[in-house]
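Listed here are the chains, written in short residue letters.
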Amino acid sequence: MTRSLLVYLPGYPYAAETLTPQHMLAAMAGALMDAGHETQILDFGVVEELGTLTSGRLANALLGASAADLWEERAGVCSRWTARRRRRTLTRMIRAAEARQWATTAAELGTHTGLDFIVLHVPRREDVAPALALASIVRAASPSIRILASGRHAERYASFVIEAAPAIDACIVGDVEPAIIAVADHVRAPETWSGLPNLVIRDGARAFATPREEVLRLDGLPRPSYRREVYPALYHGGKFRLFPVRESRGSDHLPHATPRPPFEAFQARVRSPRKVCDELRGLGRDCGARAFHFLGDATPAATFDALCYEILAECLHVFYSRSAHVHDTDPTTLSTLHASGCRAVSFRIDTGSQRLLEDYYGHEFGVTQIETVLSACREANLFTVAAFTYPCPEDDYHARAETLRLVRRARPHAVRLGLPEVLPDSDWWDFAREFGFKIDARAVARLATTAPDPFATPGADLAYAMKGRSAAAVGQEHTGLLDDFRFEGFATAVSVHEALLARVCGRHDAEAEYAERLRELLFLGDAEELAAAVRAFNDRAVAPANTIPFVPYATVRAAVGN
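Worth saying up front: this structure is predicted, and the values here are computed from it rather than measured.

Take the sheet that holds strand S11 (residues 291–295) next. Strand order in the open sheet made by the 6 strands is S8-S11-S12-S13-S14-S15, with parallel pairing throughout. At either margin of the open sheet sits one strand with a lone partner, and together these are strand S8 (242–246) and strand S15 (414–418). For this sheet, the mean angle separating the axes of adjacent strands, direction not counted, is 20°. The pairing of strand S13 (residues 342–350) with strand S14 (residues 383–389) spans 6 bridges and is parallel. Note that in S14 the partner of Phe 347 across the bridge is Ala 386. Packing against the sheet, helix H19 (residues 496–504) makes contact with S8, S11, strand S12 (319–324), S13 and S14, and its axis sits at approximately 160° to S13.

On to helix H6 (residues 128–141), then. Two residues of an α-helix separated by three or four positions point the same way, owing to the 3.6 residues in each turn. Here H6 contains 14 residues, and its C-alpha end-to-end distance of 20 Å stays within 8% of the 20 Å for a straight helix at 1.5 Å per residue. Burial within H6 is extensive, with 10 of its 14 residues counted as buried. Restricting attention to buried positions, one finds in H6 the residues Val 128, Ala 129, Pro 130, Ala 131, Leu 132, Ala 133, Leu 134, Ala 135, Val 138 and Arg 139.

Apart from glycine, the bulk of residues carry a negative phi angle, and the bulk of peptide bonds sit in the trans form. A cis geometry characterises the amide bond from Tyr 12 onward to Pro 13, with omega recorded as 0°. Along the chain, Pro 13 falls in the loop between strand S1 (3–8) and helix H1 (23–34). Cis peptide bonds are those with omega within 30 degrees of zero, and the linkage from Tyr 390 to Pro 391 qualifies with -5°. When you line up the elements, Pro 391 lands in the loop between S14 and helix H15 (397–410). Of note, the phi angle at Cys 315 is positive, near 55°, even though the residue is not glycine. As for its placement among the helices and strands, Cys 315 is situated in the loop between helix H11 (301–313) and S12. For Cys 315, a relative accessible area of 37% translates into the label partly exposed.

Going through the model one piece at a time under the given rule, you end up with 15 aromatic pairs. Arranged with centres 6.5 Å apart and planes meeting at 65°, the rings of Tyr 157 and Phe 160 form a pair that is edge-to-face. Accessibility expressed as a relative area gives 2% for Tyr 157, which makes it buried. Arranged with centres 5.3 Å apart and planes meeting at 85°, the rings of Tyr 360 and Phe 435 form a pair that is edge-to-face. Of this pair, Tyr 360 sits in the loop between helix H13 (354–359) and helix H14 (367–379) while Phe 435 sits in the loop between helix H16 (427–430) and strand S16 (437–439), placing them 75 residues apart in sequence.

It is worth spelling out the pattern of salt bridges at this point. Considering all chains together, one arrives at 36 salt bridges under this definition. A salt bridge links Asp 43 to Lys 239; its shortest N-O distance comes to 2.9 Å. Pair noted here: Asp 43 is in strand S2 (residues 38–43) and Lys 239 is in the loop between strand S7 (206–209) and S8, with a separation of 196 residues, a long-range link. In this pair, the class of Asp 43 matches that of Lys 239, namely buried. We note a salt bridge from Asp 461 to Arg 446, for which the minimum N-O separation is 3.9 Å. Of the two residues, Asp 461 is situated in the loop between helix H17 (441–449) and strand S17 (464–466) and Arg 446 in helix H17; the sequence distance between them amounts to 15 residues. The exposure class assigned to Arg 446 is partly exposed, which follows from its relative accessible area of 40%.

This next bit is on the sheet that holds strand S4 (residues 146–150). Paired through their backbone hydrogen bonds, the strands of a sheet run either parallel or antiparallel. Read from one edge to the other, the open sheet built from 7 strands follows the order S2-S1-S3-S4-S5-S6-S7, with strand pairing classed as mixed. Both outer strands of the open sheet, S2 and S7, are each paired with one neighbouring strand and no more. Averaged over all pairs of adjacent strands, the angle between their axes in this sheet comes to 25°, without regard to strand direction. Of the strand pairs in this sheet, S4 and strand S5 (residues 170–172) are connected by 2 bridges, and their pairing is parallel. The residue bridging Leu 148 from the neighbouring strand is Ala 170, located in S5. Here H1 sits on the sheet and contacts S1, S2, strand S3 (117–121), S4 and S5; the angle it forms with S1, its principal contact strand, is near 170°.

Calculation notes
- Throughout this description, residue numbers start from 1 for each chain and increase along the sequence as written.
- Given that this is a predicted model, residues contribute local features only at a pLDDT of at least 70 and side-chain atom pairs are listed and counted only at 80 or more, while totals for whole chains, interfaces and linings are drawn from all residues.
- Only hydrogens and water are set aside; all other atoms, that is, all heavy atoms of the structure, feed into the side-chain values.
- Two strands form a pair only when DSSP identifies at least two bridges running between them.
- Numbering goes from the N terminus for both helices and strands, where a helix is a DSSP run of H or I of at least four residues and a strand is a run of E of at least two.
- Convention adopted: a line fitted to C-alpha atoms gives each axis, helices being fitted over their contacting stretch, and angles between N-to-C directions are expressed from 0 to 180 degrees.
- For this analysis, residues touch if any pair of their heavy atoms sits within 4.5 Å.
- Each helix should span, by expectation, one fewer than its residue count multiplied by 1.5 Å.
- Only protein chains enter the accessibility calculation, which uses a 1.4 Å probe. A residue is then buried if its area is under 20% of the maximum for its type, exposed if over 50%, and partly exposed in between.
- Stacked, edge-to-face and tilted labels apply to pairs of Phe, Tyr and Trp rings (six-membered ring for Trp) whose centres lie within 6.5 Å, assigned for plane angles under 30 degrees, over 60, and everything in between, in that order.
- By definition, a salt bridge exists where a carboxyl oxygen of Asp or Glu is found within 4 Å of a side-chain nitrogen of Lys or Arg.

This is how it looks when you write it as structure tokens:
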């Protein structure tokens, strides 16, 4: 048996997802406990921790800074110089506050004795600097403890993290359950880690990927653990009770920008609707949970529909959000999706140009299908988020106009706009020159291992050069299309999580205002107002402990005929 800690220390600025339970940590905890190991989750993504980070002089400085001073550079040399100086001063204060927080957290980790390994969770780029700082402090204090990194960002840039951070022994990639159990079983023999699955380890000065092992039958996995003794942060009132639930892994659709997994994972792997409903029922029984976010961007349409009918047949009174794929969405069943409890859905679309959809992004759907699905989602009263990418090297005036026309015709509730992200092991990365990118290896290493500037403008921190466009031109084009979306009346900064939080709190048709206020509180670190927002959501999303749901004896009556 081993003892371990699964640690999440988010970096500033926080996002709404930061204050929700971390599914990957709960999944690792469930797998470890099922195998007979002892573990605990230390999740510092709580309101109190953010309030501590932004307290004192930093809180006063943030409250006194207007948006125009921080992000906008008004006309005149003096105005621009004043804004830049204020941004630099605030950034220094934020970094100093983070350093103090990291030292305090490392001291708290030092109070846990007898540890065999620690896993540092890195889901966002903002979270990589705290993880690396904690790893260095823990390594200096306890050289024998093995330190691993997990999370979306650590997985995407695993080789860069390993090469730049000697204190981290391995990054977990792919399915975490077989990897973490193998590490726990061989933690005292690190020389054997090259044969363990789903790791990126250090081989001399370079990174080495171990064999990949995918869990083909997801129904056989242990249930993620959110018990009080395992995940105490959930029960201190500082987190939204919006629980992530895994519906599928992998995908049948791999666009050019998506990292390619090993050949075993090219097909979507799904959980049965019965197992998903069992987890929903278990979370409701153990945690009073009624609000969820389903994980799985490319769940096949058949499973998609079957889960809706299973939820209705089981009479589960739940609210949930989800990401979905246009190709796997049947517009005729979206009313059933809403009836089963879905309140918000997001789609990755990238562009409104049919030529770029097929040739540049590698999508299998067309503009007409996008319009049909987005319009049907709106008619079904689902808050619809459409995610676009702009500009790519092939974007021109015509592609920009086609994207605007698509948005005007489909009328989603919110539009998200991002810059192209060239990820290792994707087609964009492997054939960068053909796709119009010139990758800067040093910039990628910096992106993988350092936190972004909280006040950076779009395009200021790119890890590539785009043919025919400077970084400043890329940022200007991006901002120009974003302004056009706002001029058309679309919300441009609402995530699917924030939309569900708003609708559960009764803020229907005011999701954009709710999300804007929530982001403001997160940026300012206003712990008192944030705690009130968390309580307001949890009061509606968590069922009282003495509530006994009524489930009919027979959910479907037998047919009778003559």
